[in-house]
Amino acid sequence: MFHTTFYIRRLHSICGLAVLGMVLFEHIFTNSMAIFGPAALNGALEMMELIPKPIFLGLELGGIAIPLLFHAIYGVYIALQANNNASNYGYCRNRNFTLQRWTAWYLVIFLIWHVGYLRLYTKGITGTPISYELLQNYFQNPVVVVLYVLGMFAAIFHFCNGITTFCMTWGITKGPRSQNVVSVLSMGLCAILCLITLTFMGSYLI
Ligand code: HEM
């Protein structure tokens, strides 16, 4: 029983960092093309359409949907467990621990909306391709823009703070000094990714 929980937790951890981390980077990279205008974003989106359909679907299922569902469902289970030992740590780590949980809850709702509306409904059911023009139209609503920016910030913080906890979980950073160094670096990465997000989201508004 102990071993099963141990291995599932490790799988949850590697799934969040390696698989979902890669998805997040790919997402930010592709969407940042909007900064260079409609042609650049549409070009990047069309490039992905060049991947043969069965391979693309396999990648979406095996590389995104299944790891995300596993990480989210087991994550909700972890978050529901009363885990109060965070108060044993310093103020910063305690606050980040709480934010890691809050962002997880926001991501559950945001990702159901985001994937449900754009991938399943718009692209899947209506067969409308996702394009710069479609997104620009979508982001005419300021409420949608605010909820999207919050969703991206939540995913970025959750991932970047996850780098710090991942290094602790896997015994990569053992002492407080190395843990602090990784924490500062990952929060630096968090700031850079949030800035890129604000820039590409802003490009739809001007
Ligand atoms: C969809 C909803 C999500 C939920 C409910 C969720 C839940 C959680 C929870 C509760 C933890 C803490 C685990 C622990 O304390 O041991 C965690 C860790 C983590 N999550 Fe998520 N998560 C979600 C989405 C994501 C996404 C989209 C990413 C990547 C962009 C991600 C990346 C990570 C990473 C890297 C960790 C750290 C793993 C570790 O500490 O070893 N998660 N997640």
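To be clear, the structure that these remarks concern was listed above.
Looking only at helices and strands, the chain has 7 helices and 0 strands in total. Sequence-ordered secondary structure for the chain, helices as α and strands as β, is α-α-α-α-α-α-α. In terms of C-alpha radius of gyration, the chain reaches 18 Å, essentially the compact-globule figure of 17 Å for 206 residues. In terms of principal-axis extent, the alpha carbons of the chain reach across some 50 × 35 × 25 Å. Considering the chain as a whole, with its 206 residues, one finds that 35% of them fall into the buried category. Across the chain, the fraction of contacts at a sequence separation of at least 24, relative to all contacts at a separation of at least 6, is 76%.

On to the nonpolar core. By size, the foremost hydrophobic cluster in this structure holds 33 residues, and its most contacted members are Ile28, Leu41, Phe139, Tyr148, Ile156, Met201 and Tyr204. Ranked by residue count, the leading element in this core is helix 6 (residues 142-169), at 13 residues. Those residues within four positions of leucine 41 in sequence are excluded, and the remaining contacts are Thr30, Asn31, Met33, Ala34, Tyr132, Leu135 and Tyr204.

Coordination sphere of the iron atom of the ligand, protein contribution only: His71 (NE2) and His158 (NE2), at 2.0 to 2.1 Å. Considering all 6 donor atoms around the iron atom of the ligand, the spread of angles at the metal, 87 to 179°, places the coordination shape in the octahedral class. A residue pair is termed long-range when its members are at least 10 positions apart, and histidine 71 in helix 3 (residues 53-80) and histidine 158 in helix 6 qualify at 87 residues. You can call histidine 71 buried: its relative accessible area is 14%.

Moving on, we get to the pattern of salt bridges. The tally for this structure, following the rule as stated, stands at 2 salt bridges. Linking glutamate 49 and lysine 123 is a salt bridge whose minimum nitrogen-to-oxygen distance equals 3.5 Å. Here glutamate 49 is found in helix 2 (residues 38-49), whereas its partner lysine 123 is found in helix 4 (residues 91-125), with 74 residues between them in sequence. Overall, the relative accessible area of 44% leaves glutamate 49 in the partly exposed class. A salt bridge links arginine 119 to glutamate 60, with the shortest nitrogen-to-oxygen separation between them at 2.9 Å. Here arginine 119 is found in helix 4, whereas its partner glutamate 60 is found in helix 3, with 59 residues between them in sequence. With a relative accessible area of 27%, arginine 119 lands in the partly exposed category.

Take the site of the ligand next. In the vicinity of the ligand there are 24 residues, among which Arg9, Ser13, His71, His158 and Thr165 approach most closely. Take histidine 158: an N or O atom from its side chain is 2.8 Å from a nitrogen atom of the ligand. Of the residues forming the shell around the ligand, the biggest block, 7 residues, is contributed by helix 1 (residues 2-32). Classifying every residue of the shell around the ligand by side-chain character gives 12 nonpolar, 10 polar and 2 charged.

Attention shifts here to the packing of helix 4 against helix 6. For the pair helix 4 and helix 6, the least separation of the axes is 7 Å and the interaxial angle reads 130°. Viewed along their axes, helix 4 and helix 6 adopt a mutual orientation that is oblique. Here the hand of the crossing between helix 4 and helix 6 comes out left-handed. Here helix 4 contributes Arg93, Asn96, Leu99, Gln100, Thr103, Ala104, Tyr106, Leu107, Phe110, Trp113, His114 and Leu118 to the contact with helix 6, which in turn contributes Val144, Leu147, Tyr148, Leu150, Gly151, Ala154, Ala155, Phe157, His158, Asn161, Gly162 and Met168. In terms of residue class, the contact of helix 4 with helix 6 is made up of 15 nonpolar, 8 polar and 1 charged.

Conventions used here
- Once a new chain begins, its residue numbering starts again from 1 and follows that chain's sequence as written.
- Only residues with pLDDT of 70 or above have their local features reported here, since the model is predicted, and side-chain atom pairs are shown and tallied only from 80 upward, although totals for entire chains, interfaces and linings are computed over all residues.
- Note: side-chain values were computed over all heavy atoms of the structure, leaving out hydrogens and water.
- Here a strand is any run of E in DSSP of at least two residues, a helix any run of H or I of at least four, and the numbering for each starts at the N terminus.
- The globule rule is 2.2 Å times the number of residues to the power 0.38, and the radius of gyration it is compared with is taken over C-alpha atoms.
- Only protein chains enter the calculation, and the probe is 1.4 Å; a residue is then buried if its accessible area is under 20% of its type maximum, exposed if over 50%, and partly exposed in between.
- Throughout, a contact is declared for two residues whenever any of their heavy atoms are within 4.5 Å.
- Definition used in this section: a nonpolar core is a set of buried Ala, Val, Leu, Ile, Met, Phe, Trp, Tyr and Cys residues joined via side-chain atoms within 4.5 Å.
- The donor set covers N, O and S atoms within 2.8 Å of the metal, switching to 3.2 Å for Na, K and Ca, and it leaves out water, so a site may look short of donors.
- All geometry calls rest on donor angles, where a four-donor set with angles between 85 and 135 degrees is tetrahedral, four- and six-donor sets with opposite donors more than 155 degrees apart and all others between 65 and 115 are square planar and octahedral, and all else is irregular.
- Should a side-chain nitrogen of Lys or Arg be within 4 Å of a carboxyl oxygen of Asp or Glu, the pair is scored as a salt bridge.
- Here a residue counts as near a molecule or strand whenever at least one of its heavy atoms sits within 4 Å of it.
- Counted as a polar contact is a pair of N or O atoms within 3.5 Å, where, for protein atoms, one must be capable of donating a hydrogen and the other of accepting one, and residues adjacent in sequence contribute only when both atoms are in side chains.
- When residues are sorted by character, Ala, Val, Leu, Ile, Met, Phe, Trp, Tyr, Cys and Pro go into the nonpolar class, Asp, Glu, Lys and Arg into the charged class, and all the rest, Gly among them, into the polar class.
- Axis lines are fitted to C-alpha atoms, over the contacting stretch for helices. Their N-to-C directions set the angle, which ranges from 0 to 180 degrees.
- Geometric relationships in this document are graded by angle, where less than 35 degrees denotes roughly parallel, more than 145 denotes roughly antiparallel, 65 to 115 denotes roughly perpendicular, and other angles denote oblique.
- Here a crossing is called left-handed whenever its near helix is offset anticlockwise from the far helix by less than a right angle, and right-handed whenever the offset is clockwise.

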